[in-house]
Amino acid sequence: MDAITGLMNGFSVALQPQNLFWAFVGTFMGTAIGVLPGIGPALTIALLLPVTVYIEPTAAFIMFAGILYGAMYGGSTTSILLNTPGESGSMMTALEGNKMARQGRGAAALCTAAIGSFVAGTIGTLGITFLAPPIAELAFIFKPQDYFALMLLAFLSVSVVMGTSKVRGFIALFLGLSLGVVGIDKQTGLQRLTFGVPDLMDGVEMTVVLVSLFAVGETLYVASRFGFQKPNLNPLSGGIWMTKEDWKRSWKPWLRGTGFGFPIGALPAGGAEIPTFLSYTVERNLTKHPEEFGHGAIEGVAGPEAANNAAAAGVLVPLLTLGLPTSATAAILLAAFQNYGLQPGPLLFINSADLVWGLIASLYVGNLMLLILNLPLAGLWVRLLFIPRPYLYAGILIFSLVGIWGVSNSWVDLAMMAGVGVLGYMMRVYDFPIAPVLIGLILGPMAEVQMRRALAVGQGDPTVFVSTPLSAVLIAVSVLILIVPAMLHWRRTRKIDMPDETAGV
Amino acid sequence: MTERPYWIAAGTVGWGAIVFWKAAELPQFDQYAHVGPGFMPSAVGLGLVVLGLLLALQIYRGVPFEEQGAEDVSEDHKVNYMALGLAAAASALPMLTMKPLGFVITCTGCFVLVAAAFKSRRWHLDLVLGFGFSLLCWWLFRKLGVQLGGLLPMMGV
């Protein structure tokens, strides 16, 4: 099925009243959680997973897509009005956007962020529409070694890119990998690392780990260092929406931001930090008003915000076509697919065409919904920040218990919640990135299957891993990712050391 | 912060050693796939041990550990151990009470403990709010088909 027919079919699914309703629920919840502290899109989808038993898959994924996009919008609203970036992707927005709000130009900042997000989201969705089918076609000729190399690359880039320290990134990844091997080995039926506990035979539940790391870990961390300042709301002094000048200064950053965000989001390295940062730097260099940067330049809001949203759309490309998650949110979406017995990848476009195209079409719908919903309602969303913190965090813990206890009513899961929750606390205190744990947990077992398949085909010859052009290139790139930064670091430290030595002499 | 948390490195090495030791009991290679069920866990365990040692080396060299930022966190990152203990108690409570006392009572307890950790002084109000909220969640998610167990399992309800 080509992209246009697929998309038309998708719209016929997405525009059904009940699916429009789910898209609305998703975007509404997504925006609310984007505004609230302590919960992000990944956690929300994880908490909603048990509900999927009673909702059909298409409706569920339309809702999840709404949550994904909505959370991005919510994040930008609080960054601009309150200077509290909820996630790393909206740090750059807060930089300029909050300055604009302080000058009474909050409405214009919100406007350029919202329209930029809409433009980027729509172009990104167009990218998914036309890129995903050919990639899925291509994926049919992928051999196990190609998949293995691709996953290896995803592991490496996730641990290297996220967080400040590579060693800590890798420890987080290997922790996830070690949790991923728990359970019955599917090829031989032998128990691995179950320590004789029957509840562990099915493996460690992704939802339990994710909810414990994010919700319980965050609750412990914030409770121990709680310092609540009443949000200092910059008044939306109405009226001053985007002027003609604002439009003129915004449209190019929107497009450039999308240009950074979508491809980088679609790469196995993924992530929203790099494209938003790149976009900010480029706009700063290209602007005709360099004096305004740091004091509320509209380009500095328009570009990064577009990049942020385009990256979120880009992440869906490897997820849908190859079954490769590159962010925490994508990992939990993959778990949701598996809950329904669906495996994202090339076959999904054939076996569940209605679902995939309905999901893609609902991204267009959701984007438009967000634009209409959010611009007039920004003031209302911000009110959410005044929820008393004791009740907010207590509520988050109860929802977590629904998510964890609802999975299988297992005492082991509750013990894991306390244990992994403490781990999540430690990881925040000592600055370990959290996403690699989840990627390792969900992608580790898949990588192992591909590795064993490749070796079985290659009759045990390890050179099978570089036997196709693609696998050879990907392995080479992985090695480079590992070696180049180390080399650069080594050269830099040498350069710094040398003057010290001469000074010593 | 010039803290030297060697115990994290020790924990990483320790967990890696446990994984490696358990994996060593499994066949590492087999006839058909050439790589047996023990291979991957062995590799992961070994990797963790190596990474733990690398972390120890970094700690020895004085690598800084900066706490992650989060919303609602005080700017000086001053730790209130009382609040941390209350929140940790809330996350451990379900292990004790979920089976005998059921979802609603457990969640009410968690709600009161977390609210107390966040310096809520009106614990009577917290109790009522927590109970109402837990009951609502229990009822709503049950309607949606999520199995959350009985209202009071000890009494067989």
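Residues numbered from 1 in each chain as written. Chains lettered and ligands numbered in written order. Predicted model: local features only at pLDDT ≥ 70, side-chain atom pairs only at ≥ 80, totals over all residues.

(A) Highlighting the overall build of chain A. Secondary structure summary: chain A contains 18 helices and 2 strands in total. Along the first, second and third principal axes, the C-alpha set of chain A runs to 80 × 70 × 50 Å. The buried share of chain A, reckoned over its 505 residues, is 60%. Summarising the internal contacts of chain A: among those between residues at least 6 apart in sequence, 81% fall at separations of at least 24. (Helix = DSSP H or I, 4+ residues; strand = E, 2+ residues; numbered from the N terminus. Buried ≥ 20, exposed ≤ 12 C-beta atoms within 10 Å, placed from the backbone. Contact = placed C-beta atoms within 7 Å.)

(B) Representation of the interface of chain B and chain A in the model. Tallying the contact residues gives 68 residues for chain B and 62 residues for chain A. A total of 18 residues in the side of chain B that touches chain A trace back to one element, the largest contributor, which is helix H3 (residues 81–117) of chain B. Class assignment for the residues of the side of chain B that touches chain A results in 44 nonpolar, 15 polar and 9 charged. (Nonpolar A, V, L, I, M, F, W, Y, C, P; charged D, E, K, R; others polar.)

(C) Quick look at the nonpolar core. Leu210(A) and Val114(B) are the most contacted members of the largest nonpolar core, which totals 212 residues. Top contributing element to this core by residue count: H3(B), with 19 residues. The residues that make up this core include at least three from each of domain 1 (6–60) and domain 2 (81–147) of chain B. For Val114(B), the residues in contact, after removing those within four places along its chain, are Thr219(A), Pro390(A), Tyr393(A), Ala394(A), Leu397(A), Ala87(B) and Ala90(B). (Core = buried A, V, L, I, M, F, W, Y, C linked by C-beta atoms within 7 Å. Domains from an automatic or database assignment.)

(D) Examining the confidence of the model for chain A more closely. Put simply, chain A has an average pLDDT of 85, and 93% of its residues get 70 or more. Low pLDDT (under 50) marks residues 498–505 of chain A, which in the prediction has 0 contacts with non-local residues, meaning those over four places away or in another chain. (pLDDT = per-residue confidence, 0-100.)

(E) Examining helix H4 (residues 123–143) of chain B more closely. With 21 residues, H4(B) ought to run about 30 Å at 1.5 Å a step, and its terminal C-alpha atoms sit 30 Å apart, in line with that. Within the span of H4(B), buried status applies to Asp126(B), Leu129(B), Gly130(B), Ser134(B), Cys137(B), Trp138(B) and Phe141(B). Down the axis of H4(B), the sector holding all buried residues measures 165°, keeping them to one side. For H4(B), exposure combined with an orientation more than 90 degrees from the buried face picks out His124(B), Leu136(B), Leu140(B) and Lys143(B). Where the residues of H4(B) are buried, they touch helix H15 (389–408) of chain A together with H3 of chain B. Positioned one or two residues after H4(B), Gly145(B) has a phi angle of 95°, which is positive. (Expected span 1.5 Å × (residues − 1). Arc of directions from axis to C-beta.)

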